[in-house]
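Descriptive structure summary
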Amino acid sequence: MIAQQWSKVSKELRQELGESSFKSWIEPLELVGVENGIARLRAPSRFVGDWVKRNYHDKIVARLRADHADLSQLEFSVSTAPIVRKAPSTGSAGSRTAEPAAVFEGAPLEGRYTFDNFVVGKPNELAHAAAKRVAEGGPVTFNPLFLYGGVGLGKTHLMHAIVWELSQTRPDLQVLYLSAEQFMYRFVQALRDRQIMDFKNLFRSVDVLMVDDVQFIAGKDSTQEEFFHTFNALVDQNKQIVISADCAPGEIKDLEDRITSRMQCGLVVDLHPTDYELRLGILHRKAAIFAETLGPVNVGDGVFEFLAHRITNNVRVLEGALQRLFAFSNLIGQEITLDMVQDCLSDILRSSDRRVTVEEIQRKVSEHFNIRLSDMLGPKRARNIARPRQIAMYLAKELTSRSLPEIGRRFGGRDHTTILYGVRKVEEMRGTDSQLGEDVDLLRRLLQS
Ligand SMILES: Nc1ncnc2c1ncn2[C@@H]1O[C@H](COP(=O)(O)OP(=O)(O)OP(=O)(O)O)[C@@H](O)[C@H]1O
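Residues numbered from 1 in each chain as written. Predicted model: local features only at pLDDT ≥ 70, side-chain atom pairs only at ≥ 80, totals over all residues.

1. Brief notes about the overall build of the protein chain
Basically, it comes down to this: We count a stretch as a helix when DSSP gives it H or I for four or more residues in a row; a strand needs E for two or more, and each element gets its number in order from the N terminus. The burial criterion counts other C-beta atoms lying within 10 Å of a residue's C-beta, which is placed from the backbone; the residue is buried at 20 or more, exposed at 12 or fewer, and partly exposed between these limits. By the convention adopted here, residues are in contact when the distance between their C-beta atoms, placed from the backbone, does not exceed 7 Å.
Along its length, the protein chain carries 20 helices and 8 strands. Looking at the protein chain as a whole, 37% of its 449 residues are labelled buried. Within the protein chain, counting contacts between residues at least 6 apart in sequence, those at least 24 apart form 72% of the total.

See below:
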């Protein structure tokens with residue numbers, strides 16, 4: 001019934017949209033069900049789902065209304081294989097002899113998040129290398145692998161890439177990938193259904209456990225407790241754990257100390273904010289991917305360079321901007337030019353114009369080091385004041401477009417040479433003092449978020 005309805009709608013859309021758009025966007029979809037005014041469709045990737053929603057939502061809804069008068073909305077899920085295809089045994093943890101108890105699915109995987117599609121540069125090379133090592137599926141050398149970094153810097157991409165690669169290199173392994181939110185949801189569900197033993201057995205018998213956005217469980221006492229025991233049980237069995245978070249273990253507020261220290265026992269790797277070269281590489285790679293789905297599009301001189309220069313804080317935004325340009329160029333059949341970029345992305349470019357101010361930097365750095373703002377600007381030379389002041393100078397130089405004399409004026413009327421000295425000092429110390437390096441990275445992230 002549903003299949004027939006979808007086939008009728010597809011046919012009509014094929015006529016209206018033409019063969020090429022139909023093949024790219026409509027043909028790969030599957031109508032899964034219609035309920036309570038919502039039609040659920042399955043798409044081969046989030047990209048296709050987002051695109052169809054943005055461009056063809058109303059057309060699809062209007063046609064489906066012929067059979068479902070109350071329909072008002074489409075919802076898309078991604079059609080991917082479950083990550084753990086069969087449940088581990090119901091017997092003691094680790095035993096694999098019993099029949100599967102139930103199908104136990106992890107979060108869906110995004111097909112494009114592979115190692116091939118992950119562009120490696122200085123800011124993420126360590127995270128990439130560590131993820132690759134785990135994906136080989138060899139003996140566990142560090143446990144857990146803890147990946148952290150700011151919004152949209154590729155943590156989830158790397159996690160999915162590990163799962164995809166493990167499914168090739170070690171198809172015998174039970175790999176479970178899920179978000180910390182899903183972990184909590186399943187835990188609560190197991191408590192409610194009095195199936196806590198099943199829950200424990202399932203989680204304790206996977207070979208690789210991957211939990212995304214672990215900061216979510218901070219402050220949720222029972223979930224943390226259960227997570228701690230699951231974590232210990234797997235580590236004791238020498239099973240690999242991979243965790244991601246938006247900051248380092250010690251910086252996650254309201255996370256129990258014993259969990260923090262467990263996480264610090266493994267390899268903790270930071271995905272640093274992207275630099276210009278990495279952003280340029282990502283744009284080229286993403287353009288190749290979009291071209292595969294949308295057909296080739298001409299990109300004019302300087303467009304990639306302009307985008308890499310202007311959209312600096314979040315790869316997700318950069319990717320969204322490029323996707324929008326591809327869509328527009330495809331619709332009007334013209335190459336992407338710098339003029340088109342200005343027209344099409346004015347909102348994104350405006351918001352990326354939001355510059356951090358020197359005053360914001362001074363405030364944040366003072367708070368971070370627990371010193372008074374008046375001391376930051378005043379004459380005191382004690383190390384516990386002078387070092388944060390130099391860090392603030394360094395960040396002001398890096399994150400604002402102010403000149404050294406202008407920065408100097410905002411630091412209580414200091415000379416530009418003092419600012420230059422402070423900037424150089426921090427640059428130099430970042431290579432030798434890892435604590436200082438971490439402080440600077442954290443502050444930069446806070447200021448740019
Ligand atoms: N180095 C990279 N190469 C290719 N794509 C990248 C890279 N870094 C990030 N991306 C892309 O940026 C987008 C956001 O990445 P992802 O979802 O992995 O970020 P995240 O760090 O998990 O962010 P969040 O904290 O919001 O969950 C994805 O589409 C991803 O493919």
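2. What to know about the site of the ligand
Inclusion rule: The C-beta atom of each residue is placed using the backbone, and any residue whose C-beta lies within 6 Å of a molecule or strand is treated as near it. When residue character is reported, Ala, Val, Leu, Ile, Met, Phe, Trp, Tyr, Cys and Pro are called nonpolar, Asp, Glu, Lys and Arg charged, and the others, Gly included, polar. What fixes the domain bounds is an automatic or database domain assignment.
By nearness alone, 19 residues border the ligand, and G154, K155, T156, H157 and V315 come closest of all. Elements that contribute at least two residues to the shell around the ligand include exactly α5 (155–169), α10 (276–294) and α12 (315–332). The class makeup of the residues in the shell around the ligand is 7 nonpolar, 7 polar and 5 charged. Summarising the domain contributions, the shell around the ligand has at least three residues from each of domain 2 (122–271) and domain 3 (276–352).

3. Considerations on helix α7 (residues 196–204)
Three or more residues of α7 are buried, namely F199, N201, L202, F203 and R204. Packed against the buried residues of α7 are α6 (180–192) and α8 (221–236).

4. Concerning the sheet that holds strand β4 (residues 145–149)
The test is simple: Strands were regarded as paired on the criterion that DSSP finds at least two bridges between them. What counts as an axis is a line fitted to C-alpha atoms, over the stretch in contact for a helix, and the angles between N-to-C directions run from 0 to 180 degrees.
Taken together, 5 strands build an open sheet; the order of strands is β5-β6-β7-β4-β8 and the sheet is parallel. Each edge of the open sheet is held by one strand with a lone partner, namely β5 (175–179) and β8 (267–271). Strand after strand, the sheet turns through a mean of 15 degrees between neighbouring axes, direction not considered. Relative to strand β7 (residues 240–245), strand β6 (residues 208–212) runs parallel, the two being bridged by 4 bridges. If you follow V211 over to β7, its bridge partner there is I243. Relative to the sheet, helix α4 (residues 125–135) contacts β4, β7 and β8, its axis offset from that of β8 by approximately 135 degrees. Contacts between α6 and the sheet are confined to β5 and β6, with β5 contributing the most and set at about 95 degrees to the helix.

5. Notes on the pairing of β5
For β5, the tally of buried residues reaches 4 of 5 residues, placing the bulk of the element in the interior. Inspection of the sheet shows β5 paired to β6 by 5 bridges, in the parallel sense. Bridging across to β6, L178 finds its partner in V211.

6. Some remarks on the confidence of the model for the protein chain
Defined as follows: A score between 0 and 100, pLDDT records how confident the predictor is in each residue.
For the protein chain, per-residue confidence averages 86 on the pLDDT scale, and residues scoring 70 or more make up 91% of the total. Note that pLDDT drops below 50 for residues 80–104; the model gives that stretch 51 contacts with residues more than four away or on any other chain. Among the scores for the predicted complex, ipTM is 0.98 and pTM is 0.65.

7. Observations regarding unusual backbone geometry
A cis amide bond links N143 with the next residue in sequence, P144, at an omega value of 0 degrees. By the secondary structure assignment, P144 is in the loop between α4 and β4. Even without a glycine there, the phi angle at N36 is positive, about 50 degrees. You can call N36 exposed: it has 8 C-beta atoms within 10 Å. In this structure, D213 is a non-glycine residue whose phi angle is positive, near 55 degrees. Positionally, D213 belongs in the loop between β6 and α8.

8. Here we look at the environment of V297
Its place among the elements puts V297 in the loop between α10 and α11 (303–310). Given 18 C-beta atoms within a 10 Å radius, V297 is considered partly exposed. Distance in space between the C-alpha atoms of V297 and Q334 is 8.0 Å, their sequence separation being 37 residues. Once residues lying within four places of it in the same chain are set aside, the contact partners of V297 are A291, F326, S329, N330 and I336.

9. Some words on the pairing of β6
Remark: a regular strand shows side chains that alternate across the two faces of the sheet. To keep things clear, this is the line we draw: Classification remark: right-handed applies to a crossover when, strands pointing away from the viewer, the course from the first strand over the helix to the second runs clockwise.
With 5 of 5 residues buried, β6 is to be regarded as a mostly interior element. Across the two faces of β6 the burial is the same, with V208, M210 and D212 and L209 and V211 all buried. For the crossover that starts at β6, traverses α8 and ends in the parallel β7, the hand is right-handed.

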